[in-house]
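One letter stands for each residue in the lines below.
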Amino acid sequence: MANTTFSGPIKAGTIKDTIGTTIGTNVANVGSVVMAQSIVVDITGASHLNQRIAVVPANSQIIDVILNVTTANTDSGAATLSVGTEADADAFLSSVNVKVVGTTRGTLDTEATDVGTTDLEVLGDFTGATGDGTGAATVTVLYIQNNNLS
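Just so you know, these numbers come straight off a predicted model, no measurement behind them.

Caption draft 1: Expanded view of unusual backbone geometry. We note that N50 has phi near 55°; this positive angle belongs to a residue other than glycine. Counting through the fold element by element, N50 comes out in strand β4 (residues 48-56).

Structure follows, in structure tokens:
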């Protein structure tokens, strides 16, 4: 299957500007397409710090960060994953236990959701003790391009 890359942002809808009051006829209904970047993160062994999850374009709004643990970590000892930025290592997810299968949604604060005028690197920090087991997880960052909140 072929891929197409746009520089964005992508907008969709049939009425760009409001000129009246009749829904479906002359009231704007254009919205932004939600973008996503997703990656498999290493959640086994000793600690794996600064795993690049995503690079979110400048002037974007992060709307969710989702951790999906599909195979629980079976290493002996504690095993957690935090997701954040260089400036705030747990801005989105703070020390989530990856020893259980499940989905965890991020806690987004104003500082974290408004990307600002430069691209933002989202990083994952796995903290573990040993490498004697298995585990698998993905992290997905959802965002809207050119939807700066400031």
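Caption draft 2: The arrangement of the sheet that holds strand β3 (residues 34-41) in detail. The strand order across the open sheet built from 4 strands is β3-β10-β5-β8, with neighbouring strands paired in antiparallel fashion. Where the open sheet ends on each side, the last strands, each with one partner, are β3 and β8 (102-105). Neighbour-to-neighbour, the strand axes of the sheet open up by a mean angle of 20°, direction not taken into account.

Caption draft 3: Summary view of the sheet that holds strand β7 (residues 93-97). Across the sheet, 4 strands lie side by side as β4-β9-β6-β7; this open sheet has antiparallel pairing. This sheet does not close on itself; its edge strands, each paired only once, are β4 and β7. Averaged over all pairs of adjacent strands, the angle between strand axes in this sheet comes to 20°, irrespective of strand direction. Direction of pairing for strand β6 (residues 80-84) relative to β7: antiparallel, over a ladder of 3 bridges.

Caption draft 4: Summary view of the side chain of T85. By the secondary structure assignment, T85 is in the loop between β6 and β7. On the accessibility criterion, T85 (12% relative accessible area) is buried. Filtering out sequence-adjacent residues up to four positions away, T85 remains in contact with F92, L120, E121 and L123.

Cut-offs and rules
- Residues numbered from 1 in each chain as written.
- Predicted model: local features only at pLDDT ≥ 70, side-chain atom pairs only at ≥ 80, totals over all residues.
- Heavy atoms only, no water.
- Helix = DSSP H or I, 4+ residues; strand = E, 2+ residues; numbered from the N terminus.
- Pairing = 2+ DSSP bridges.
- Axes fitted to C-alpha atoms, helices over the stretch in contact; angles between N-to-C directions.
- Buried < 20%, exposed > 50% of the residue type's maximum accessible area, 1.4 Å probe, protein only.
- Contact = heavy atoms within 4.5 Å.

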